[in-house]
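# Breakdown of the fold
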Amino acid sequence: MPGLLRGVARTAVVAGTATAVSNRVSRRQAGRWAQQDAEAQPQAAPPPPPAAPDDDMRSKIDQLKELGDLKAQGVLTEEEFAEQKRQLLS
């Protein structure tokens, strides 16, 4: 009987340790995945400042080129690009 009890106790200790280690690994992996997700989120660049009324046409063309570059890089979506372009030309 003592041998059986010792075997059951050993199994309980091993199972408890395995559960604790598994839970710790799961929490650590979830934390890493959350950190990777946070780092993977693209940082949206702030939109360029609205054009002042006294800007000349050359400045507006340069700003439009910058907007086009941001759109080509994927920083601005099509909708954001159209909105910024509309604000710049109005």
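For the structure, see preceding data.
Residues numbered from 1 in each chain as written. Predicted model: local features only at pLDDT ≥ 70, side-chain atom pairs only at ≥ 80, totals over all residues. Heavy atoms only, no water.

Attention now moves to the overall build of the protein. Across its full length, the protein holds three helices and zero strands. Sequence-ordered secondary structure for the protein, helices as α and strands as β, is α-α-α. With 90 residues in all, the protein has 7% of them scored as buried. For the protein, the accessible surface area stands at approximately 7600 Å², while carbon and sulfur atoms represent 58% of it. (Helix = DSSP H or I, 4+ residues; strand = E, 2+ residues; numbered from the N terminus. Buried < 20%, exposed > 50% of the residue type's maximum accessible area, 1.4 Å probe, protein only. Areas by Shrake-Rupley, 256 points an atom, 1.4 Å probe, with all protein chains shown as cover.)

Moving on to the side chain of Gln84. Along the chain, the position of Gln84 falls in helix H3 (residues 78-89). Look at Gln84 and you get buried, because its relative accessible area is 13%. In this view, Gln84 contacts Pro47, Pro48 and Leu67; residues no more than four positions away in its chain are not counted. (Contact = heavy atoms within 4.5 Å.)

Our next topic: the pattern of salt bridges. If you walk through the whole model with that rule in mind, you get two salt bridges. One salt bridge in this structure joins Glu78 and Lys71, with 3.0 Å as the shortest N-O distance. You can call Glu78 partly exposed: its relative accessible area is 46%. Classification of Lys71 as partly exposed rests on a relative accessible area of 31%. (Salt bridge = Lys/Arg side-chain N within 4 Å of Asp/Glu carboxyl O.)

Next up on the list: a positive patch on the surface. On the surface, Arg24, Arg27, Arg28 and Arg32 cluster together to form a positively charged patch. Looking at where Arg24 falls in the secondary structure, it is placed in helix H1 (residues 2-40). (Patch = residues over 30% accessible without salt bridge, like charges linked within 9 Å, V, L, I, M, F, W, Y side chains within 5 Å. Lys, Arg positive; Asp, Glu negative; His and termini not counted. Charge placed at Lys NZ, Arg CZ, Asp CG, Glu CD.)

Taken as a whole and assessed by the stated rule, the structure comprises zero aromatic pairs. The positively charged end of Lys71 is found above the aromatic ring belonging to Phe81, 5.0 Å away from the centroid. (Phe/Tyr/Trp six-rings, centres within 6.5 Å; stacked < 30°, edge-to-face > 60°. Lys NZ or Arg CZ within 6 Å of the ring centre and 35° of its normal.)

Bringing H3 into the picture now. Taking 1.5 Å per residue as the helical rise, H3 with its twelve residues ought to reach 16 Å, and the 16 Å between its terminal C-alpha atoms agrees with that figure. Among all positions of H3, only Phe81, Gln84 and Leu88 are buried. Along the axis of H3, the buried positions cluster into a sector of 70°, meaning they face one direction only. Pointing more than 90 degrees away from the buried face of H3 are the exposed residues Glu79 and Arg86. Contacts made by the buried residues of H3 are with helix H2 (57-73). (Expected span 1.5 Å × (residues − 1). Arc of directions from axis to C-beta.)

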